[in-house]
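Chains, contacts and geometry: an overview
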Amino acid sequence: MAYTQSLLTAARKIEVRHAEMPDGIASDHIRLRLATASICGTDMHYFRHFANAGFVLDYPVTLGHEACAYVEDPNGCGFEKGQLVAINPLIPCGECEKCRAGDINMCPTKRFPGSATTKPHIDGFFRDIFDFPARCCHGVSDAVAPDHLTFAEPLACALHSVNRAGVTANDSVLITGCGPMGLLATVGAVAKGATVHVTDLRAPAIEAARAVGASDGFIAARNDMNNLKEVYDIVIEASGSPHGYNQALDAVRKQGTISVLSLIQPSEVPINLHLNALKEVTSVGSILFTGEFADAVALIESGTVDFEAITAARFPVSETQAACEMMADGHAVGKVLIKPQ
Ligand SMILES: [Zn+2]
Ligand SMILES: [Zn+2]
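In this text the structure is predicted, and so the values were computed from the model without any measurement.

**With respect to the overall build of the protein**
When helices and strands are counted, the protein shows 10 helices and 17 strands. Relative to the 2.2 N^0.38 estimate, which gives 20 Å for 341 residues, the radius of gyration of the protein is 20 Å and therefore close to what a compact globule would have. Principal-axis analysis of the C-alpha atoms places the extent of the protein at approximately 60 × 40 × 35 Å. In the protein, which comprises 341 residues, the share counted as buried stands at 46%. Look at the contacts in the protein between residues 6 or more apart in sequence, and 67% of them connect residues 24 or more apart.

See below:
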């Protein structure tokens, strides 16, 4: 079976190849035909640097861990051919202490596609056909649009951050940064009933946040946040910038909570940690998700979220390079989607 595959071969270089799937499918795996994939901030780090957070790729890899797909060959695993499935890309061992406690994101031997942290690397989803463990695939109602279902994994990450912060209906929440993760954190916090404000450097990104339920937004020119001191119960940092974290330390109320959703890359920018102490701020980190994948799929199935408002563009697999360039230039508002050839 021939298929089209995009492959990151070096920083900023994606090659498109035509390859053949092997005849056999590994046991407990099913063969899938891409419906829609989407580009993550993590993919952008690999695209720019061939590395993410200090983890360097050993060899070329297909990026992409956010996708939904149609079952091409159920391989005796209980699915119907042609059925649409959400794909949970996190493959936990299922047996260690963390997995048994439900903390699958902390599993020391978990595997993840399109990532340098998994060795040997597993190719990701920016290709037409791929095999994946059946236990990671979740059937959904036929009424769900694939271009919405591809948001399941990033929405699960955002919901995990919202849960780590303990957001409730009574909370006022500030989200710093309206990239895709900030927009999805807005979706998650609004779903909890919280009052959500956002910041970003770009007015159209703030408009997108309003479209998914933010009630106010501010242009975060680096020094004009002075009127946002000690205002919010909870701040979710989604900008990926150390400046965003300092803004969060300013904006959170005394004894409030900061939830760090973005993966701020190692840097030399000073953090105003004295505010952490003086205000008794609780700061929680957040990586991937635990039980939130099912919650994300349910929220998508509910049809209550305007995912079109947070979708920037669509590209076929063969134009993955152009899709990544669009994300890299920083002007796209919302997600860039990858569609089959
Ligand atoms: Zn992602
Ligand atoms: Zn485990």
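**A closer look at the domain arrangement of the protein**
Taken as a whole, the protein is organised into domain 1 (2-150 + 306-339) and domain 2 (155-285). Placing the centre of domain 1 and that of domain 2 at their C-alpha centroids yields a distance of 27 Å. In this complex, domain 1 contributes nine residues to the contact, which on the side of domain 2 involves 13 residues. Grouping the amino acids of the side of domain 1 that touches domain 2 by side-chain chemistry returns four nonpolar, three polar and two charged.

**Comments concerning the pairing of strand β14 (residues 252-260)**
Summarising the sheet, strand β13 (residues 232-237) and β14 pair through five bridges and their orientation is parallel. When the sheet's bridge partners are listed, Ile234 is paired in β14 with Thr257. Following the chain from β13 across helix α7 (residues 242-251) to the adjacent parallel β14, one finds a crossover that is right-handed. As defined by bridge partners, β14 adjoins strand β15 (residues 282-285) across four bridges and the pair is classed as parallel. Pairing of Val260 across the sheet is with Gly285, part of β15. Handedness of the crossover is the feature at issue here: the chain leaves β14, passes through helix α8 (residues 273-278), returns alongside β15, and the resulting connection is right-handed.

**Describing the sheet that holds strand β11 (residues 195-200)**
In a beta sheet, neighbouring strands pair by backbone hydrogen bonds and run either parallel or antiparallel. Read across the sheet, six strands follow the order β12-β11-β10-β13-β14-β15 without closing on themselves; strand pairing throughout is parallel. Edge positions in the sheet fall to β12 (216-219) and β15, since each has one partner strand and no second. Looking at each pair of strands side by side, their axes are set apart by 20 degrees on average, direction ignored. In this sheet, β12 lies alongside β11 in parallel orientation, the contact comprising four bridges. Its bridge partner being in β12, Thr199 is matched across the sheet by Phe218. In the packing of α7 onto the sheet, the strands contacted are β10 (172-176), β11, β13 and β14, and the crossing angle to β13 comes to about 175 degrees.

**Details of the packing of helix α1 (residues 41-49) against helix α10 (residues 320-328)**
Orientation of α1 relative to α10, taken along the N-to-C sense of each, is 100 degrees, at an axis distance of 10 Å. Taken together, the axes of α1 and α10 lie roughly perpendicular to each other. Contacts between α1 and α10 involve Met44, Phe47 and Arg48 from the former and Cys324, Met327 and Ala328 from the latter. Grouping the amino acids of the contact of α1 with α10 by side-chain chemistry returns five nonpolar, no polar and one charged.

**What about helix α4 (residues 152-165)?**
Working note: α-helix, 3.6 residues per turn, so residues spaced by three or four point in the same direction. In this model, α4 (14 residues) spans 20 Å end to end at C-alpha, consistent with the 20 Å of a helix rising 1.5 Å per residue. By the criterion of burial, α4 is predominantly enclosed, with 12 of the 14 residues buried. Listing the buried residues of α4 in full gives Ala152, Glu153, Pro154, Leu155, Ala156, Cys157, Ala158, Leu159, His160, Ser161, Val162 and Ala165. Looking one or two places after α4, you find Gly166, whose phi comes out positive at around 70 degrees.

Rules of the game
- Residues numbered from 1 in each chain as written.
- Chains lettered and ligands numbered in written order.
- Predicted model: local features only at pLDDT ≥ 70, side-chain atom pairs only at ≥ 80, totals over all residues.
- Helix = DSSP H or I, 4+ residues; strand = E, 2+ residues; numbered from the N terminus.
- Rg over C-alpha atoms; globule rule 2.2 N^0.38 Å.
- Buried ≥ 20, exposed ≤ 12 C-beta atoms within 10 Å, placed from the backbone.
- Contact = placed C-beta atoms within 7 Å.
- Domains from an automatic or database assignment.
- Nonpolar A, V, L, I, M, F, W, Y, C, P; charged D, E, K, R; others polar.
- Pairing = 2+ DSSP bridges.
- Right-handed = clockwise from strand over helix to strand, strands pointing away.
- Axes fitted to C-alpha atoms, helices over the stretch in contact; angles between N-to-C directions.
- Parallel < 35°, antiparallel > 145°, perpendicular 65-115°, else oblique.
- Expected span 1.5 Å × (residues − 1).

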